[in-house]
Amino acid sequence: MVLFSTVLFVEGNPVGYKVMEEERNRLSLNPAENPNREVIPPVIHAQNEGGLWRVEGTYDRDLIDQVLEDLSMQLPTTFQSAAL
């Protein structure tokens, strides 16, 4: 199920992502397809563990921070809780 769409900046380039619920406490962020893109954006996974998000799929701290910010702004508080 698609929860929301967002734009993340990968190496300074805007990339559209769809945020989808994989499992009860795990999300997948999938980049929009664009064969003319200069960068290859990663598929990102975020898992809620005890109320905190763990982001996988990139080591880019800026990209991780963008994901965490979007999750905190876009998801209802109840979805972010440990009860997720």
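Caption draft 1: Broad picture of the overall build of the chain. Broken down by element type, the chain carries two helices and five strands. Along the chain, helices (α) and strands (β) appear in the sequence β-β-β-β-β-α-α when read from the amino end. Here the C-alpha atoms of the chain give a radius of gyration of 13 Å, agreeing with the 12 Å that 2.2 N^0.38 yields for 84 residues. Overall size of the chain, expressed as C-alpha extent along the three principal axes, is 40 × 25 × 20 Å. In the chain, which comprises 84 residues, the proportion classed as buried is 38%. Of all intrachain contacts in the chain linking residues separated by at least 6 positions in sequence, the fraction that spans at least 24 positions is 35%. Carbon together with sulfur atoms contributes 52% to the accessible area of the chain, which is approximately 5200 Å² in total. In the chain, the 6 positive side-chain charges and the 13 negative ones have mean positions that sit 6 Å from each other.

Caption draft 2: Representation of the confidence of the model for the chain in the model. Looking at the chain, the pLDDT average stands at 89 and 90% of residues meet or exceed 70. By mean pLDDT, helix α2 (residues 77-80) is the weakest element of the chain at 56, and strand β3 (residues 26-31) is the strongest at 97.

Caption draft 3: View of unusual backbone geometry. The phi dihedral of Glu11 falls on the positive side, at around 50 degrees, and the residue is not glycine. Looking at where Glu11 falls in the secondary structure, it is placed in the loop between β1 (2-10) and β2 (13-23). A relative accessible area of 63% means that Glu11 is categorised as exposed.

Caption draft 4: Representation of the pattern of salt bridges within the structure. In total, this model carries five salt bridges according to the counting rule given. Here Glu56 and Arg54 are joined by a salt bridge, their closest N and O atoms 2.1 Å apart. Residue classification places Glu56 among the partly exposed residues on the basis of a relative accessible area of 25%. By relative accessible area, which is 32% here, Arg54 ends up partly exposed. For Asp65, the salt bridge is made with Arg61, and the minimal N-O distance between the two is 2.8 Å. Note that Asp65 and Arg61 are positioned in helix α1 (residues 61-74) at a spacing of four residues, about one turn of the helix.

Conventions used here
- Each chain has its residues counted from 1, following the order in which its sequence is written.
- For this predicted model, a pLDDT threshold of at least 70 governs which residues receive local features, and a threshold of 80 or more governs which side-chain atom pairs are given and counted, while totals over whole chains, interfaces and linings are taken from all residues.
- Values reported for side chains reflect all heavy atoms of the structure, with hydrogen atoms and water molecules removed beforehand.
- Helix and strand definitions here come from DSSP, where helices need a minimum of 4 consecutive H or I residues and strands a minimum of 2 consecutive E residues; each element is numbered from the N-terminal end.
- Throughout, the radius of gyration refers to the C-alpha atoms, and the reference size of a globule is 2.2 Å times the residue count to the power 0.38.
- Only protein chains enter the accessibility calculation, which uses a 1.4 Å probe; a residue is then buried when its area is under 20% of its type maximum, exposed when over 50%, and partly exposed in between.
- When checking whether two residues touch, look at their non-hydrogen atoms; a contact exists if any pair is within 4.5 Å.
- To measure how exposed things are, a 1.4 Å probe is used in the Shrake-Rupley method; for residues, cover is taken only from the protein chains shown.
- In this tally, Asp and Glu contribute negative charge and Lys and Arg positive charge; neither His nor the terminal groups of the chain are included.
- The atom standing in for a charge is NZ when the residue is Lys, CZ when it is Arg, CG when it is Asp and CD when it is Glu.
- Scored from 0 to 100, pLDDT reflects the predictor's confidence in each residue.
- For this analysis, a salt bridge means a side-chain nitrogen from Lys or Arg found within 4 Å of a carboxyl oxygen belonging to Asp or Glu.

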